[in-house]
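# Structure at a glance
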Amino acid sequence: MTQKLVVIGAGMASGRALEHLFEAGADWDVTLFNAEPRGNYNRLMLSPVLSGEKTYEEIVTHDEAWYQQHGVDTHFGTRVTEVDRDAKIVRADDGSEVHYDKLLFATGSNPFIIPMPGHDLEGVIAYRDLEDTERMMNMPAGSKVVVIGGGLLGLEAAAGMAAHGIDVTVVHIMGHLMERQLDEPAGYLLRRALMDKGITVKCKANSKEILGEDGKVRALLLDDGTELPCDLLVMAVGIRPNTKLGADCGLAVGRGIHVDDQMITSDPDVLALGECVEHNGAVFGLVAPLYDQAKVVAKTLMGEEAAFQPREISTKLKVTGCDLFSAGDFAEGTDREDIVFRDPARGVYKRVVIKDNKIIGAVMYGDTADGNWFYGMMKDGTDISDMRETLIFGPAYQGGASVDPMAAVAALPADAEICGCNGICKGQIVDAINAGAHDLAGIRATTKASASCGTCTGLVEQVLAVTLGDDFVMPSVQSVCGCTDLSHEDVRRLIKSQELKSQQAVWQELGWKTVNGCHVCRPAINYYLLADWPVEYQDDPQSRFVNERNHANIQKDGTYSVVPRMWGGITTPDELRAIADAAEKYNAKTVKVTGGQRIDLLGIKKEDLPGIWYDLNQAGMVSGHAYSKGLRTVKTCVGTDHCRFGTQDSTGLGIKLEKALWGSWTPHKVKLAVSGCPRNCAEATCKDVGIICVDSGYEVSVAGAAGMDVKETEFLAKVPTEEEALELTCAFIQIYRENAKYLDRAYKWVAKVGLDWVKEQVVDDLASRKALAERFELSQSIYRKDPWADLAEPQKAERFAPVADFTLEAAE
Amino acid sequence: MSWTDIAALEDIPVRGARIVKTHAGCIAVFRTDADEVFATSDRCPHKGGPLSEGIVHGKSVTCPLHNWVFSLETGEAQGADEGQIATYPARVENGRVLMDLSEINKVAA
Ligand code: SRM
Ligand SMILES: Cc1cc2nc3c(=O)[nH]c(=O)nc-3n(C[C@H](O)[C@H](O)[C@H](O)COP(=O)(O)OP(=O)(O)OC[C@H]3O[C@@H](n4cnc5c(N)ncnc54)[C@H](O)[C@@H]3O)c2cc1C
Ligand code: SF4
Ligand code: FES
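Residues numbered from 1 in each chain as written. Chains lettered and ligands numbered in written order. Predicted model: local features only at pLDDT ≥ 70, side-chain atom pairs only at ≥ 80, totals over all residues. Heavy atoms only, no water.

### Brief notes about the site of ligand 2
Residue and element names in this part refer to chain A.
- In the vicinity of ligand 2 lie 31 residues, with Ala13, Arg128, Glu275, Val287 and Lys318 positioned nearest.
- One of the backbone N or O atoms of alanine 35 is found 2.9 Å from a nitrogen atom in ligand 2.
- Contact distances for ligand 2 include 2.9 Å between an oxygen atom and a side-chain N or O atom of arginine 43.
- The protein chains hide 94% of the 1000 Å² of surface that ligand 2 would expose on its own.
- At the level of secondary structure, the elements contributing two or more residues to the shell around ligand 2 comprise α1 (12–23), β2 (28–34), α6 (152–162) and α9 (287–301). (Near = heavy atom within 4 Å. Polar contact = N/O pair within 3.5 Å; in protein donor to acceptor, adjacent residues only side chain to side chain. Areas by Shrake-Rupley, 256 points an atom, 1.4 Å probe, with all protein chains shown as cover. Helix = DSSP H or I, 4+ residues; strand = E, 2+ residues; numbered from the N terminus.)

This is how it looks when you write it as structure tokens:
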């Protein structure tokens, strides 16, 4: 006879349990209550929804059709208020009364709200469900939000909001972020990465009181007196199992609802699973163990033997750009030994904790590819004595295998865990592939691997690639924007191979989804076209950001700044006089010496731009392109002309370089410097191209920067003559122009393709170097000209003024 | 409606804009790829960015300062942002751009 199952809570745990139950073909008549006004969805994925990488529709795990197919009677937006275990009846707040044979508690947990003064003000929320997520997403860019709690949830909330341009401050009581999962060095790297995203992080900060105004949150007051103004306050300080209903109906309850290994509570007809339960003194906060519980619940309901066994779990943070992995125990102690690896340049930190020749903990930041390998050995208690020396370098270095990630995946044993959330091993994925699942969607549908938090997606794809060989095409990385599914790399390749020479050709041939792109893709496409077809394609000013269209930097008040070029940082009294005159004539608000060895005239009105340019042109000066994704400055030191240490004419070479490169458009800005000796007064070692003069010639190094990331240049080659230094530099700039993704600074691009590849093309292969330099010269024959001179022509100058002025007319 | 001649269509760049000064502030007059014209307030409700300097795509413009996107037809901010810019009647006739300035004059009066 069909039995009646009532489920309280449509969360991640109960959703999985129902799936197992129906898959096994069990004959149950199910009624499902959920307090949230919707059915089961993937709660983990709220963070990608918040950051805008996914939509809610994409994270629904069970839809209307699924419930219907399995005859589930759903009551969404309905809270169960009472359970009468004697009568075997549940009552809900919509007045319904439902009889059960078996009852399943899956009520999850409640976010903990610190009961400090002001916690009940409007605008104080937790981060648990879609309502909270939408509340955060609806904050306008520029508004201020304080997040209390620097754990997993708090940081995902903060990063998600920062992606919307919200000004976020994270307040954390401990000394470093995610202290439960990370040690201090990893916490530091994480903090740095979040600060790079514009998030303010305050550690060791004690919240004292939430201040309000008219019943609404206004600021958070810390106990050191600091006030942090905010329009919304998110508390993400932990969760408490939701046990009230269970306790009210008399079930045995401790921290959570007590369950045995079969997930049965103190009442044999009542089961429980998920975050609301307590098993052997433990409570749960991550999905992996809950999925194991779901399997057991289904078996128990079908009268089969099964027992829940807790297991080690690992953690990852779902914040784009913050790669971290943590598992096990990594507290310090005299009985344990640490192996640490750091690569400051790449921001990589790895630490493995060993006790009795076994791994008991692992933390990694920046490069987490080997996480599952360590985790596997930790779970299996593998003796690592034989590989102690190379352990930290990961599986690729063991047993002489190559460092290719594919080879590493190929070498993984069948029982190596790939998907931590669902406990899916490599063997199960390979079985699924052999049974016909030949893409990611297929693997997700048949094994659930990569279907929860998604961080193992890359690994699953590698298993597919290793197993299927050429039959599997690795999916391309992120698309340029919503107008296309193609990545930047694809678009660049297709523009070249299909000889697409106009924007229309790109929209049409590559199947753009919008009429003429958007503000994200159009500037990129415009750049790719002019870089690949300098002669055929004409630059489109309407596809450029305001600064590059108006050839000046827009300021926050709508005025502009004007920076004339000073070749290699050299100027003359005449030029200085002309600059002074222009500054006076056009009312420059501020005259500033820039960090790039020239002078900035700030606060110039748009309609005055053609005039000031005309005047500066008359004095022999041209645009300094202080606004462009193109050549900015070539910094130099005084060199042999004056300095007692100078070895070569660094100023002269700097001027020659700037005269060769100016006006060129590049994927991102390009800055150079030439120093006359290794004392390096021109700071050449943090530029896109830096040249250090030595007695025997010129040391050319590339891929440096000193902006958001500080990165030292890497040595490219040493050349004996100035001509070669010039040719090598032009060739390097050209290969960067032809290949990099728009808005990748040279160092980011070199990190992707590898300096060795670049060297092969511009150092080892002289014919290739020459060809690149020639292509650069061809492009420069068109772009090496002063945009100011052109725009100061009377006809074009008109365009900088209003097209009509009715304020004058009305006055007449 | 009373239409006032503003400028020649050619005076406005395709996928671009020019501004018209009025007593009620600057109005941006946009020209799309398909030679439609739209007139809106030039001030972004976010932090006052000059919308006439934004990138025009489809029938939308992206503010040059922080990338809010507005529909030129309705003036409504698109996507996650919330905001509204004023829109004014404008059309093209015989290669001339015409605007109805009556609303604007009311504001100014
Ligand atoms: C004017 C100047 C500051 C100064 O008063 O000295 C300046 C001003 C601006 N910088 Fe800079 N940077 C200036 C030298 C630098 C330097 C130092 C240098 O070049 O020696 C750096 C670090 C070195 C580097 O780039 O590696 C620098 C790193 C940045 C960055 C971060 C770049 C990065 O890749 O991380 C940005 C943001 C960007 O480009 O996306 C930026 C962006 C800006 C912008 C264009 C911001 C903007 O988009 O409006 C500023 C324009 C102000 C204006 O309205 O005029 N500025 N900027 C300097 C102009 C030099 C020149 O003569 O052209
Ligand atoms: C933003 C976010 C990110 C996360 N990221 C990760 C991650 O990366 N990895 C990971 O492992 N875990 C993550 N978690 C934790 C994970 O989501 C939870 O462990 C999991 O959802 C718990 O499942 P559950 O079924 O026990 O509870 P829930 O999914 O919370 O479901 C419980 C449901 O029961 C309903 N309910 C409660 N009481 C009643 C009642 N009386 N009547 C009717 N319905 C009721 C609730 O409304 C709720 O919908 C994350 C959580 C959040 C909030
Ligand atoms: S780099 Fe060397 S040569 Fe040039 S100024 Fe400095 S010390 Fe002198
Ligand atoms: S001023 Fe327009 S988006 Fe900020």
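### A short note on the packing of aromatic side chains
Residues and elements named next belong to chain A.
- Counted according to the given criterion, the structure contains 17 aromatic pairs over all chains.
- Ring geometry for tryptophan 66 against tyrosine 67: centres 5.6 Å apart, planes inclined by 80°, an arrangement best described as edge-to-face. Like tryptophan 66, the residue tyrosine 67 is buried in the burial classification.
- Members of the aromatic cluster, joined through ring pairs, are Phe22, Trp66, Tyr67 and Phe76.
- The ring of phenylalanine 112 carries arginine 240 above its face, with NZ or CZ at 4.1 Å from the centroid. (Phe/Tyr/Trp six-rings, centres within 6.5 Å; stacked < 30°, edge-to-face > 60°. Buried < 20%, exposed > 50% of the residue type's maximum accessible area, 1.4 Å probe, protein only. Lys NZ or Arg CZ within 6 Å of the ring centre and 35° of its normal.)

### Here's the deal with the sheet that holds strand β15 (residues 227–229) of chain A
All names here are of chain A.
- Strands sit in the order β13-β14-β15 across an open sheet of three strands; the sheet is antiparallel. Every interior strand has two partners, whereas the edge strands, β13 (207–213) and β15, have only one. Strand-to-strand twist of the sheet, defined as the mean angle between neighbouring strand axes without regard to direction, takes the value 30°.
- The pairing of strand β14 (residues 216–222) with β15 spans three bridges and is antiparallel. Bridged to leucine 221 within β15 is glutamate 227. (Pairing = 2+ DSSP bridges. Axes fitted to C-alpha atoms, helices over the stretch in contact; angles between N-to-C directions.)

### Description of the side chain of Glu36(A)
All names here are of chain A.
- Turning to its location among the elements, glutamate 36 is positioned in the loop between β2 and α2 (46–51).
- A distance of 3.0 Å separates the side chain of glutamate 36 from the side chain of arginine 43, its partner in a polar contact.
- Contact partners of glutamate 36, with chain neighbours within four places excluded, come to Tyr41, Arg43, Phe76, Gly77, Asp129, Leu130 and Glu131. (Contact = heavy atoms within 4.5 Å.)

### Notes on the interface of chain B and chain A
- Contacts between chain B and chain A engage 34 residues on the former and 36 residues on the latter.
- Buried surface at the junction of chain B and chain A, summed over both partners, amounts to about 2800 Å²; 55% is from carbon and sulfur atoms.
- For the interface between chain B and chain A, the tally reads three salt bridges.
- In this structure, the salt-bridge partner of Asp540(A) is Arg15(B), at a minimum N-O distance of 2.7 Å.
- Scanning the region where chain B abuts chain A turns up 17 residue pairs in polar contact (both at pLDDT 80 or more). (Buried area = accessible area lost by both parts, 1.4 Å probe. Salt bridge = Lys/Arg side-chain N within 4 Å of Asp/Glu carboxyl O.)

### Digging into the site of ligand 1
All names here are of chain A.
- Close to ligand 1 lie 21 residues, the nearest being Gln555, Thr594, Gly595, Arg598 and Lys669.
- Contacts to ligand 1 include aspartate 600, whose side-chain N or O atom sits 3.4 Å from an oxygen atom.
- Within the side chain of lysine 671, a nitrogen or oxygen atom sits 2.7 Å from an oxygen atom of ligand 1.
- Secondary structure elements with two or more residues in the shell around ligand 1: β32 (631–636) and β36 (705–706).
- Broken down by class, the residue content of the shell around ligand 1 amounts to four nonpolar, nine polar and eight charged. (Nonpolar A, V, L, I, M, F, W, Y, C, P; charged D, E, K, R; others polar.)

### Considering a nonpolar patch on the surface
All names here are of chain A.
- On the surface, Val535, Leu778 and Ile782 cluster together to form a nonpolar patch covering roughly 230 Å² of accessible area.
- Relative to the helices and strands, isoleucine 782 is located in helix α25 (residues 766–783).
- Overall, isoleucine 782 belongs to the partly exposed group, its relative accessible area being 30%. (Patch = residues over 30% accessible without salt bridge, like charges linked within 9 Å, V, L, I, M, F, W, Y side chains within 5 Å.)

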